[in-house]
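# An overview of the molecular structure
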Amino acid sequence: MKKIKSKKFKKSKKVAVIDQNQCDKSPFCPVKRVCPVGAIIPLKKGEQQKKRSIFGFLIPKGYRVDEEKCTGCGICVTSCPMQAVSIKA
Ligand code: SF4
């Protein structure tokens, strides 16, 4: 009798993605504040081209999603005023 091999499907995880062209990189980013797990973090050092200074405070230029922390809940998608966040599977 032949054994039938079943295909292994890799379970894909839904994560948020930030479109850097649409993001206004505001220091008061509402998306960063609403994320329940703190998955919205500043861009990596290599990705940060400049830092802007507002009232003497240096702020990161842009944000990214920590895919390890992101649960794909989608709260950030509805809270972004620039529609820069989407969920990818
Ligand atoms: S999908 Fe949920 S967990 Fe992921 S970054 Fe957005 S708010 Fe945070």
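Residues numbered from 1 in each chain as written. Predicted model: local features only at pLDDT ≥ 70, side-chain atom pairs only at ≥ 80, totals over all residues.

The protein chain has the name 4Fe-4S binding protein in an unreviewed UniProt entry, where Hypnocyclicus thermotrophus is given as its organism.

## Things to note about the overall build of the protein chain
Inclusion rule: Numbering of helices and strands starts at the N terminus; helices are DSSP runs of H or I of at least 4 residues and strands are runs of E of at least 2. Each residue is classified by how many other C-beta atoms fall within 10 Å of its C-beta atom, where C-beta atoms are placed from the backbone; a count of 20 or more means buried, 12 or fewer means exposed, and values in between mean partly exposed. Residue pairs are scored as contacts if the distance between their C-beta atoms, which are placed from the backbone, is within 7 Å.
Helix and strand counts for the protein chain stand at 2 helices and 6 strands. Its helices and strands taken in sequence order, the protein chain reads β-α-β-β-β-β-α-β from the N to the C terminus. For the protein chain, with 89 residues in total, the buried portion stands at 16%. Excluding contacts between residues fewer than 6 apart, the proportion of contacts in the protein chain whose partners are at least 24 apart in sequence is 70%.

## Some thoughts on the pairing of strand β1 (residues 15-18)
Applied cut-off: Pairing between strands requires that DSSP locate at least two bridges from one strand to the other.
The two faces of β1 differ: A16 and I18 on one face are buried, but V15 and V17 on the other face are not. Summarising the sheet, β1 and strand β6 (residues 85-88) pair through 4 bridges and their orientation is antiparallel. Bridge pairing in β6 places A16 opposite I87.

## Comments concerning the site of the ligand
We count it as follows: As a rule, any residue with its backbone-derived C-beta atom within 6 Å of a molecule or strand is reported as near that molecule or strand. Under the convention adopted here, Pro, Cys and the residues Ala, Val, Leu, Ile, Met, Phe, Trp and Tyr are nonpolar, Asp, Glu, Lys and Arg are charged, and Gly plus all remaining residues are polar.
Taken together, 13 residues lie near the ligand, and C35, A39, C70, C73 and C76 sit nearest. Looking at the shell around the ligand residue by residue, the class counts come to 10 nonpolar, 3 polar and no charged.

## Here's the deal with the nonpolar core
The condition that has to hold: Each nonpolar core reported here comprises buried Ala, Val, Leu, Ile, Met, Phe, Trp, Tyr and Cys residues connected via C-beta atoms within 7 Å.
Judged by nonpolar contacts, the single largest core of 14 residues is most densely connected at V31, I40, V65, C76 and V85. Looking at this core, the elements that each hand over two or more residues are β1 and β5 (63-65).

## Some thoughts on the environment of V15
Assignment of secondary structure puts V15 in strand β1. Sequence separation between V15 and K69 is 54 residues; the distance between their C-alpha atoms is 9.1 Å. Other than its neighbours up to four places away in sequence, V15 contacts V65, E67, C70, G72 and K88.

## With respect to unusual backbone geometry
Despite not being glycine, K25 shows a phi value in the positive range, around 55°. If you trace the backbone, K25 turns up in the loop between β1 and α1 (30-34). In the Ramachandran plot, Q83 falls in the positive-phi region, its phi being about 50° despite a non-glycine side chain. On the secondary structure map, Q83 appears in the loop between α2 (75-79) and β6.

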